[in-house]
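Residue-level structural notes
Below are the chains, spelled out letter by letter.
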Amino acid sequence: MALQSSPKLDSKCPSGPIADRWDNHRFDLKLVNPANKRKFHVLVVGTGLAGGSAAASLCELGYEVSAFCIHDTPRRAHSIAAQGGINAAKNYTNDGDSTYRLFYDTVKGGDFRARESNVYRLAQVSTNIIDQCVAQGVPFAREYGGVLSNRSFGGAQVSRTFYARGQTGQQLLLGAYSGMMRQVGAGKLKMYPRREMLDVVVSDGVARGIVCRNLVTGEYERFAGDAVLLCTGGYGNVFYLSTNAKASNVTAAWRAHKRGAFFANPCFTQIHPTCIPVSGDYQSKLTLMSESLRNDGRVWVPKAKGDKRPPNQIPEDERDYYLERRYPSFGNLVPRDVASRAAKERCDAGFGAGSTGLSVYLDFRDAIERDGKHVIEQKYGNLFQMYDKITAEDPYTVPMRIFPAVHYTMGGLWVDYNLESTVPGLFVLGEANFSDHGANRLGASALMQGLADGYFVAPYTIGGHFAGRPLPKVSADDAAFQEAEANARERTQKLLAPASRGASRTADSFHRELGKIMWDHCGMARNDAGLRAAKGRIAELGAEFWENVRVSGNGENFNQDLEHAGRVADFFEFAEVMVEDALHRTESCGGHFREESQTEEGEAKRDDENFSYAAAWEYQGQDQAPALHKEALDFEYVKPSQRSYK
């Protein structure tokens, strides 16, 4: 019996041949004529790749746009941390790639938990992204003859990843940033740096504005508009230790959720296999080593348990190249979830490298002997330098030590085909939405989705919102705006109150403890007992947080202690929904290994009959259990099968 979607979830996915759906949908969308575009005001929250590209594109179309940046400049967005590349179905290498193959790889790589219509559109517009970025001057790597170069990435047997050395995210962000600054110079884009969105204002059932806190002055500010675009990234820092920037948080998405935006698949988080291992309790974040390194680096562990010899003293016949052994078709380029689980399994079995036993080797010895050090240096020099500075080990002469870590989040606010949430007028782009990656993101697809949403999807679909529903004039002085600001102020006072009663614990200590609970029980491996224990402990620790968190200073000026405490408070509330989502999904899927659901070979075992849906959670009120809504996923083109990379 086929699953039925909740009546509250209308995906608005078009029908017909999948290759024609986006073109037909764009034609059917209502248009806003050029003169009328000047009448509409768009608020863009977040200025990374998704927000930056959207803001620049909407200004170029003629809309009035205000953009809100949590940093002092959009150039500090976490998008800069994406190193390895961006996928596109250009088939420049003539190795069999196509729009359909990128679509197929992405649906399969997501373990059949994403919408086919959205994924095909992503593959379809991917080729436009490269042309756009080249025209902006993004310095992609090129071959000797001048054509753009491609490298391989996990989960694909073709080379489709465009890259700018190990700085792809930074260079793409500078392209979007230049587009924004052009519009600032033209007077079409108003930029608001150092603002944190604390609430979405919903008026007559439509998102019409936001409330922000000025992080420099402490002032609360209200902004009214005709649509809100949320482009605020993911929630990986709920684990405390992750590859995310310390400012990355769930606050904007969570506050939108409390205003009616459903949160979809919150337990779907990506574990990246190629990160520098934890080395001590003093660490506040982890550092990513690009997946591109697996093109030339070979992953291995000693064949003998507990072998603590230096890696260069372990002979070839005593090394276990376990990815090549287990997955001969893909070898070291299996998808991230497969590589991460395999590394954890080897370490749990006692074969881990290093003093802690919680790492595996990524070895470039053979590549350097084959191609020469200068070639490897040209490809990965900045990454090798970064590794050397952090670990004081030279990866040209000693294998890197790597271990999985929390990276990207596939869950996010639920959106339909137009990228509109369950709150009309609230659009969600990039990592902040749930739509394209299913239970696992293939490497080099985050940059693709962020820019696809900003450059080539939202600029079309937002017109349907403006032309398709009445938007009476609103003012930032309206009652709905005043109520939202009052709520934000009240929350600030609640955070400051425990200090006056002699509270002693820092927000960071609470955050670290919450992160360990989440990693231990809702990370790579999960089971029913552990999740239930985590649920109870999170509630207890959250209650203690509100009684005993010490926030210094006040809310009337610059106060980073207050900023952090507010984000940790939201992580506590969000973590409860995240664990609830993991509890209800009793299948293994993507990187989410439910110990009760595995194959005889120890691989993840999906349950398509009972779980082929997106789980969208509706906020029911403080201290109330969220309501689950299911969007059934139908697969017409890529039929679900047991994933195999052997």
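Scroll up to find the structure this text is about.
Described in the following lines is the structure provided in the data block. (Residues numbered from 1 in each chain as written. Predicted model: local features only at pLDDT ≥ 70, side-chain atom pairs only at ≥ 80, totals over all residues. Heavy atoms only, no water.)

**What to know about helix α1 (residues 21–28)**
Put simply, the rule reads: Only protein chains enter the accessibility calculation, which uses a 1.4 Å probe. A residue is then buried if its area is under 20% of the maximum for its type, exposed if over 50%, and partly exposed in between. We count a stretch as a helix when DSSP gives it H or I for four or more residues in a row; a strand needs E for two or more, and each element gets its number in order from the N terminus. The arc under discussion is defined with respect to the helix axis, by the directions toward the C-beta atoms. In this analysis, two residues are considered to be in contact whenever any of their non-hydrogen atoms come within 4.5 Å of each other.
All of the buried residues along α1 are Arg-21, Trp-22 and His-25. Viewed end-on, α1 has its buried residues packed into an arc of 90°, placing them on one side of the element. Elements in contact with the buried residues of α1: α5 (116–136) and α12 (446–468).

**Regarding unusual backbone geometry**
Of note in this structure, Tyr-240 is not a glycine but carries a positive phi near 65°. In this fold, Tyr-240 is placed in the loop between β9 (227–230) and α7 (251–258). The class for Tyr-240 is buried, based on a relative accessible area of 2%. The phi dihedral of Asp-623 is positive, around 65°, even though this residue is not glycine. Here Asp-623 shows up in the loop between β20 (613–618) and β21 (627–632).

**Observations concerning helix α6 (residues 168–185)**
Inclusion rule: For a helix, the expected span equals 1.5 Å multiplied by the number of residues minus one.
Taking 1.5 Å of rise per residue, the 18 residues of α6 would be expected to cover 26 Å, and the 26 Å separating its terminal C-alpha atoms lies within 8% of that figure. Those residues of α6 lying buried are Thr-168, Gly-169, Gln-171, Leu-172, Leu-173, Gly-175, Ala-176, Tyr-177, Gly-179, Met-180 and Gln-183. Next to the buried residues of α6 lie α3 (49–61), β3 (86–87), α5, β4 (161–162), β5 (189–192) and α12. A positive phi of about 80° marks Gly-187, the residue just after α6.

**Looking at the pattern of salt bridges**
We apply this condition: Whenever Lys or Arg places a side-chain nitrogen within 4 Å of a carboxyl oxygen from Asp or Glu, that contact is recorded as a salt bridge.
For the structure on display, the rule yields 63 salt bridges. Taking the shortest distance from any N to any O, the salt bridge between Arg-370 and Asp-296 comes out at 3.0 Å. Highlighted residues: Arg-370 in helix α10 (residues 365–371) and Asp-296 in the loop between β11 (269–275) and β12 (298–302), separated in sequence by 74 residues. Under the relative-accessibility criterion, Asp-296 is labelled buried at 9%. For the salt bridge of Glu-393 with Arg-401, the shortest nitrogen-to-oxygen distance reads 3.3 Å.

**Thoughts on empty space enclosed by the protein**
Over the atoms a probe the size of a water molecule is rolled, and this reveals where empty space is left. What counts is decided by this rule: The definitions used throughout rest on a 1 Å grid laid over the protein atoms alone, on which a cavity is an enclosed set of points accommodating a 1.4 Å probe that cannot get out and a pocket is an open set flanked by protein within 12 Å on both sides along at least five of seven lines; lining residues are those having an atom within 4 Å of a point. Grid points are joined across faces, edges and corners, and a volume is the space filled by probe spheres set on the points. Residues are sorted three ways: Asp, Glu, Lys and Arg are charged, Ala, Val, Leu, Ile, Met, Phe, Trp, Tyr, Cys and Pro are nonpolar, and all the rest, Gly among them, are polar.
Applying the stated criterion across every chain, the model contains 8 cavities of 30 Å³ or more. In this structure, the second largest cavity encloses a volume near 140 Å³. Lining the second largest cavity are 14 residues, and of these Leu-198, Thr-492, Leu-495, Leu-562 and Gly-566 lie nearest its centre. Looking at the lining of the second largest cavity, the elements that each hand over two or more residues are β6 (195–203), α7, α13 (479–500) and α16 (560–584). Class assignment for the residues of the lining of the second largest cavity results in 5 nonpolar, 3 polar and 6 charged.

**Observations concerning the sheet that holds strand β8 (residues 220–224)**
To keep it simple, the criterion reads: Here, strands pair whenever DSSP counts at least two bridges between them. Axis angles are defined between N-to-C directions and span 0 to 180 degrees, where every axis is a line fitted to C-alpha atoms and, for a helix, only to the segment in contact.
Taken in spatial order, the 3 strands make up an open sheet running β6-β7-β8, and their pairing is antiparallel. Each end of this open sheet is capped by a strand with a single partner; those strands are β6 and β8. Sheet twist, expressed as the average angle between the axes of neighbouring strands with direction ignored, equals 25°. Relative to strand β7 (residues 206–214), β6 runs antiparallel, the two sharing 8 bridges.

**Details of the packing of helix α14 (residues 507–522) against helix α15 (residues 528–548)**
Selection rule: To sort the angles, those under 35 degrees are grouped as roughly parallel, those over 145 as roughly antiparallel, those from 65 to 115 as roughly perpendicular, and the leftovers as oblique.
Taken N-terminus to C-terminus, the directions of α14 and α15 make an angle of 175°; their axes are 10 Å apart at the nearest point. Between α14 and α15, the angle falls in the class roughly antiparallel. Residue-level contacts link Ala-507, Phe-510, Glu-513, Leu-514, Ile-517, Met-518, His-521 and Cys-522 of α14 to Gly-530, Leu-531, Ala-534, Arg-537, Ile-538, Leu-541, Glu-544, Phe-545 and Asn-548 of α15. Looking at the contact of α14 with α15 residue by residue, the class counts come to 11 nonpolar, 3 polar and 3 charged.

**Structural notes on the sheet that holds β5**
If you walk across this open sheet you meet the 5 strands as β5-β2-β1-β9-β17, and the pairing is parallel. Of all strands in the sheet, those bounded by a partner on one side alone are β5 and β17 (426–428). For this sheet, the mean inter-axis angle between neighbouring strands, taken without regard to orientation, is 20°. Of the strand pairs in this sheet, β9 and β17 are connected by 3 bridges, and their pairing is parallel. Opposite Val-228, over in β17, you have Leu-426 as the bridge partner.

Scope: geometric values only; no functional claims are made or implied.
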